[in-house]
Amino acid sequence: MSAVRPGSQQTVIELARELPGFVLEHLPWPDSQPPRILIGDAREQLGALREAETEPFDLLVLDVFAGDDAPAHLRERSFYEEMAQVLAPDGALIVNVGDDPGLGFFREQAERMVQAQGSGGAPAFADVWCLSDASMLDGQRAGNLILLGSPSSMPRENLDALRAAGPHPAAVLDRMQLEDWLAGE
C-alpha cells in the first residue's frame, strides 16, 4: 500500500508475536514509513484502534485461520459490524477465507458479512463481492476465496477488471450473485 499511497500509515495486527518480524525481515518495506505493529487478538485490537483513531481506515485486510480453527469471536456478524464502523465511507474490507471441501466456513463468513448491519438497520456493507478461482464455487475442493465489501457501492466496471486479472478462469460474484450462490440457486 505504501508504494501506491506513499506516507500512508500501515497497521498490522497479529496474534503470533514472531510473525511480523519474520515477514518484515524477508519482504521489502520502505524504511521511511514502517508499519505500526500491534500484537494481540484482532477483535480486541480493533476495538482499541476504534477508540484511539480519529481517521477511518481506507482498507482492512482480514486473514484469520481457516474453517473451524477460527475463534468463535472472529466468526460473528458483530465482528463484521465492528470492522465496518472503522472503515471510511468508500473504504474496503478484504477477507481471505481458507476452507475445506463443502465451503461451510466460507458460507458462514459470507453470510455474516452480507447480514452485517450498520446504523439504522441498513446493511453495513452496501456491496459484498466474492473473488475466486471459478472452480472453487462448486465446493468440491479446499482452497481460498476472497470476500470484498464496502460501506458504499463499488464501481460495477471493477467486476470485469477483477475477472480479467485472474486467476483464470476467475469468478467474481456481485452481492446479488453471492446471495443466490449462498441460497443454492
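Residues numbered from 1 in each chain as written. Predicted model: local features only at pLDDT ≥ 70, side-chain atom pairs only at ≥ 80, totals over all residues. Heavy atoms only, no water.

### Side note on the overall build of the protein
Worth spelling out the cut-off: Strands here mean DSSP runs of E at least two residues long; helices mean DSSP runs of H or I at least four residues long; both are numbered from the N terminus. The quantity called the radius of gyration is restricted to C-alpha atoms. Its globule counterpart is 2.2 Å times the number of residues to the power 0.38. Working definition: with a 1.4 Å probe on protein chains only, accessible area under 20% of the residue-type maximum means buried, over 50% means exposed, and in between means partly exposed. Only heavy atoms enter the contact rule, under which two residues are in contact if any of them lie within 4.5 Å.
On a plain count of helices and strands, the protein comes out with six helices and seven strands. Secondary structure of the protein in N-to-C order comes out as β-α-β-α-β-α-β-α-β-β-α-β-α. The globule rule puts the C-alpha radius of gyration for 185 residues at 16 Å, and the 17 Å found for the protein is close to it. With respect to the principal axes defined by its C-alpha atoms, the protein has extents near 50 × 40 × 35 Å. A total of 185 residues make up the protein; the buried ones form 41% of that total. For the protein, contacts bridging at least 24 residues in sequence account for 71% of all contacts bridging at least 6.

### Let's talk about helix α4 (residues 104-115)
Using the following cut-off: In a helix, the anticipated span is given by 1.5 Å times the number of residues less one.
The terminal C-alpha atoms of α4, which comprises 12 residues, lie 16 Å apart, in line with the 16 Å expected from a rise of 1.5 Å per residue. Along α4, the positions that sit buried rather than exposed are Phe-105, Phe-106, Glu-108, Gln-109, Ala-110, Met-113 and Val-114. Here the buried face of α4 lies against α3 (77-85), β4 (87-99), β5 (127-133), β6 (143-150) and α6 (175-182).

### As for unusual backbone geometry
The linkage connecting His-168 with the following residue, Pro-169, adopts the cis geometry, with an omega of -5°. Its place among the elements puts Pro-169 in the loop between α5 (157-165) and β7 (170-173).

### Some thoughts on the pattern of salt bridges
What counts here: A side-chain nitrogen of Lys or Arg and a carboxyl oxygen of Asp or Glu constitute a salt bridge if their distance falls within 4 Å.
In the structure shown here, the tally under the stated rule is nine salt bridges. Note that Arg-75 is salt-bridged to Glu-108, the shortest N-O span being 2.7 Å. Of this pair, Arg-75 sits in the loop between β3 (57-62) and α3 while Glu-108 sits in helix α4, and the two are 33 residues apart along the sequence. Under the relative-accessibility criterion, Glu-108 is labelled buried at 16%. One network of salt bridges, with partners in common, ties together Arg-43, Glu-76 and Glu-82.

### A closer look at the sheet that holds β4
So the rule is basically this: If DSSP finds at least two bridges between two strands, the strands pair. Lines fitted to C-alpha atoms define the axes here, with helix axes fitted over just the stretch in contact, and angles between the N-to-C directions of these axes take values from 0 to 180 degrees.
As summarised here, the arrangement of the five strands in space is β3-β4-β6-β5-β7, forming an open sheet in which the pairing is mixed. Across the chains shown, the open sheet's two edge strands, defined by having one partner strand only, are β3 and β7. For this sheet, the mean inter-axis angle between neighbouring strands, taken without regard to orientation, is 15°. In this sheet, β4 lies alongside β3 in parallel orientation, the contact comprising five bridges. The residue bridging Leu-62 from the neighbouring strand is Val-95, located in β4. Here α5 sits on the sheet and contacts β5, β6 and β7; the angle it forms with β7, its principal contact strand, is near 160°.

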